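Each chain, letter by letter, is given below.
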Amino acid sequence: LGLFEKELPRNIPVFDHTVNVRTALSKRAQARVFAEHDFPRPQTVLVGTSTGAEEIIAELGLPVVIKPDNDNKGSGVVRCETGEEVTTELSLLKENWGVAQRFVPEGKATLRLIFVRDQLIACASRLAIAGGWRANYKRGATMRRHTASAEEIGLGRAIMEVTGLDIGGVDL
């Protein structure tokens, strides 16, 4: 992103503006945008330096999933079953703020829709491995071609529009 920011003043054409890309990469920014537009999402608490385990558990219950703000394909994403685990994970986040989300039970597939501008170019369902809980391909999830419904495409387009991205993936 730093290179893009240096090149923008030179009027070199780029697709997605770096501000929009930074928003798309930030779990906290995504959570704010989804809440502002009432997009479906797991119940979420924004985690900052003063957020405590008690606050998260009171809002979400247990188990919860804690994600660093800029996780990398699922790395750093942790499922916490106890308050002690939540406290430990919050201490490991340090100043890398993030989000805590209500755990979505295993067996649920997620969808990844890939858009170029408002055109859906690919869609896949992702299902965690047996006994697993992350529907992330890099973490062993299986992917299958999925024919998106009109509702899924509409939601994906709406998310792309509000994030301002020309090219991107939307997870539902």
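Our structure's up above, just so we're on the same page.
About the thresholds
- Residues numbered from 1 in each chain as written.
- Predicted model: local features only at pLDDT ≥ 70, side-chain atom pairs only at ≥ 80, totals over all residues.
- Heavy atoms only, no water.
- Helix = DSSP H or I, 4+ residues; strand = E, 2+ residues; numbered from the N terminus.
- Buried < 20%, exposed > 50% of the residue type's maximum accessible area, 1.4 Å probe, protein only.
- Lys, Arg positive; Asp, Glu negative; His and termini not counted.
- Salt bridge = Lys/Arg side-chain N within 4 Å of Asp/Glu carboxyl O.
- Contact = heavy atoms within 4.5 Å.
- Core = buried A, V, L, I, M, F, W, Y, C linked by side-chain atoms within 4.5 Å.
- Pairing = 2+ DSSP bridges.
- Axes fitted to C-alpha atoms, helices over the stretch in contact; angles between N-to-C directions.

K.L.:
Please clarify how the side chain of Glu89 should be interpreted in this entry.
P.N.:
Position of Glu89 among the secondary structure elements: in helix 5 (residues 83-93). Of the side chains with opposite charge, Arg134 lies nearest to the buried Glu89, which makes no salt bridge, at 9.8 Å. Excluding residues that lie within four positions of it along the chain, Glu89 makes contacts with Ile66, Val78 and Cys80.

K.L.:
I tried to follow the nonpolar core on my own but got confused; where do I start?
P.N.:
When a protein is soluble and globular, its nonpolar side chains tend to lie buried together. Residues Leu113, Phe115, Ala148, Ile159, Met160 and Val170 are the most contacted members of the largest nonpolar core, which totals 13 residues. Put simply, the parts of the chain that give this core at least two residues each are strand 5 (110-116) and helix 6 (150-163). Core analysis: the next-biggest nonpolar cluster, separate from the first, contains twelve residues, Val47, Ile56, Ile66 and Cys80 among them.

K.L.:
Explanation requested: the sheet that holds strand 2 (residues 64-68) in the structure shown.
P.N.:
Note: strands within a sheet are paired through backbone hydrogen bonds, in either parallel or antiparallel orientation. With antiparallel pairing, the four strands of this open sheet are ordered in space as 1-4-2-3. Of all strands in the sheet, those bounded by a partner on one side alone are strand 1 (44-47) and strand 3 (78-80). Mean inter-strand twist for the sheet, computed between neighbouring axes without regard to direction, equals 25°. When strand 2 meets strand 3, the two strands line up antiparallel, connected through three bridges. Considered in strand 3, the bridge of Val65 is made with Arg79. With respect to the sheet, helix 4 (residues 53-60) is in contact with strand 1, strand 2 and strand 4 (98-102), its orientation differing from that of strand 1 by roughly 165°. Against the sheet, helix 5 contacts strand 1, strand 2, strand 3 and strand 4, and its axis sits at roughly 5° relative to strand 2.

K.L.:
It is not clear to me how the sheet that holds strand 8 (residues 167-171) should be interpreted in this structure. Could you clarify?
P.N.:
One open sheet accounts for four strands, arranged 7-6-5-8; its pairing is antiparallel. Lying at the two open borders of the sheet, with one neighbouring strand each, are strand 7 (142-145) and strand 8. Taken pair by pair, the neighbouring strands of this sheet meet at an average axis angle of 25°, ignoring direction. Bridging between strand 5 and strand 6 (residues 119-127) involves seven bridges; their strand directions are antiparallel. Along strand 6, the bridge assignment pairs Thr110 with Arg126. Docked against the sheet, helix 6 engages strand 5, strand 6 and strand 8, running at close to 60° with respect to strand 5.

K.L.:
Can you help me understand the environment of Leu92 in this one?
P.N.:
Looking at the secondary structure, you find Leu92 in helix 5. On the accessibility criterion, Leu92 (54% relative accessible area) is exposed. Leu92 sits 24 residues away from Pro68 along the chain, and the two C-alpha atoms are 9.7 Å apart.

K.L.:
Help me out: how do you make sense of the pattern of salt bridges in this one?
P.N.:
Pairing is possible between side chains that carry opposite charge, provided their charged atoms lie close to one another. One pass over the structure, following the stated rule, counts four salt bridges. Among the ionic pairs, Arg126 bridges to Asp171, the shortest N-O distance being 3.3 Å. Here the residue Arg126 occupies a position in strand 6, and Asp171 occupies one in strand 8, the gap between them amounting to 45 residues. Taking the relative accessible area as the measure of exposure, Arg126 reaches 9% and is therefore buried.

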